Each structure stands twice: as structure tokens, then as C-alpha cells.
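One letter stands for each residue in the lines below.
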Amino acid sequence: MAAGLKTIIALSFVLAIGFLLVILSSALWKNYLPLLVVATYIIAPLPNWACARASGNDDFMDGAGGGVVDFGRFLTGVLVVGGVAIPALLAHCALIQYPAMAMSIVGGLLIYGTIISFGKFFQEEQEF
């Protein structure tokens, strides 16, 4: 149980750093457009989760539903790339500063990585 507690503490620390970077990228330059990245990265794992549930992996389907899982991965990829592209586009259009772009991208990737790591570490294994 101690390994699980250490993992939760480490993941929460990394998540806090990610949120801190994104919030600072907005607050230091008094422009709150980089906060769009938080919504993108929080929504990003949802297509994977929903499509994995909808694929209906059971004994009777024998591998059917692979297209649904691939579509969920595609949508997740679109959202992750969008989470990097939004700050880059805002910086290119001079709506935010380039340091704010870098902080927003790094913070967003830390947030997304924490969410995915939490799902991988605490995923329930199915036994047949």
C-alpha cells in the first residue's frame, strides 16, 4: 500500500506543477487565453475512455470493435496536438508572449501526462 501512496503523492506533485505553470503563463502576462490548454488536456483522455467502453470487449465479440478504439485514440491525438497548437497559434498571432506559450505547453503536457499515468498505474486488471 505504501507504493500506491507514494505514486499518488508523486502524481499529485507533478499535476500541481503543471497547473502552476499554466496558471503562471496566464497570470504573469495578464492574458488568460493560455488557460484554454487546461480544458483541452482534461478533455483529451475522455475519447479513449469512452471508446474503450463502447468497444464491448467480451468473450462473444472476439476482437470486434477495434475501429472504435482506434477512433478514440485518433480523437485523443487530435486533442493533445491541439493542446500544443493552441498556445503556438496564440503566440504566432501575438495574442500571448512566447515565454507564456512555452510555460503553457510544458504545463499542459505535465497535466496530460499525469492524467494518463494515473490511469495506467491504477487500472484494474481483469481476471477470467
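Keep in mind it's a predicted model, so treat the numbers as computed, not measured. Along each chain, residues carry numbers from 1 onward, in the same order as the chain's sequence is written. Where totals are concerned, whole chains, interfaces and linings use all residues; where local detail is concerned, this predicted model gives features only for residues with pLDDT of at least 70, and gives and counts side-chain atom pairs only at 80 or more. Only hydrogens and water are removed before side-chain values are computed, so all heavy atoms of the structure are retained for them.

Draft legend 1. Just the overall build of the chain, in detail. When helices and strands are tallied, the chain shows five helices and zero strands. Secondary structure counts use DSSP, requiring at least four H or I residues in a row for a helix and at least two E residues in a row for a strand, with both numbered from the N terminus. Reading the helices (α) and strands (β) of the chain from amino to carboxyl end gives α-α-α-α-α. In the chain, which comprises 128 residues, the proportion classed as buried is 27%. Relative to all contacts within the chain whose residues are 6 or more apart in sequence, the contacts with residues 24 or more apart total 70%. With the model as given, the accessible surface of the chain reaches about 8500 Å², and the carbon-plus-sulfur share is 71%. For every residue, the accessible area obtained with a 1.4 Å probe (protein chains only) is divided by the maximum for its type, and the residue is called buried under 20%, exposed over 50%, and partly exposed between those limits. A contact between two residues is defined here by any heavy atoms of the two lying within 4.5 Å. For every accessible area listed, the method is Shrake-Rupley and the probe measures 1.4 Å; residues are considered covered only by the protein chains on display.

Draft legend 2. Representation of the side chain of Ser26. In this structure, Ser26 sits in helix α1 (residues 2-27). With near-sequence residues (within four places) excluded, Ser26 lies in contact with Asn31, Tyr32, Pro34 and Leu35.

Draft legend 3. Summary view of unusual backbone geometry. Non-glycine residue Lys30 carries a positive phi angle of around 50°. Within the element layout of this structure, Lys30 appears in the loop between α1 and α2 (36-43). The exposure class of Lys30 is exposed, given its relative accessible area of 69%. In the Ramachandran plot, Ala94 falls in the positive-phi region, its phi being about 65° despite a non-glycine side chain. For Ala94, a relative accessible area of 63% corresponds to the exposed category.

Draft legend 4. View of the UniProt feature "transmembrane region" (unreviewed entry) in the chain. UniProt positions are given in the numbering used here, feature names are shortened, and annotations may be inferred rather than shown by experiment. Taking the UniProt record as the reference, the feature "transmembrane region" (unreviewed entry) is found at residues 7-26, 32-50, 71-90 and 96-118. Along residues 32-50, the helical share is 74% and the strand share 0%, with 30 Å between the first and last C-alpha atoms. Counting secondary structure, residues 71-90 comes out at 100% helix and 0% strand; the distance between its end C-alpha atoms is 28 Å.

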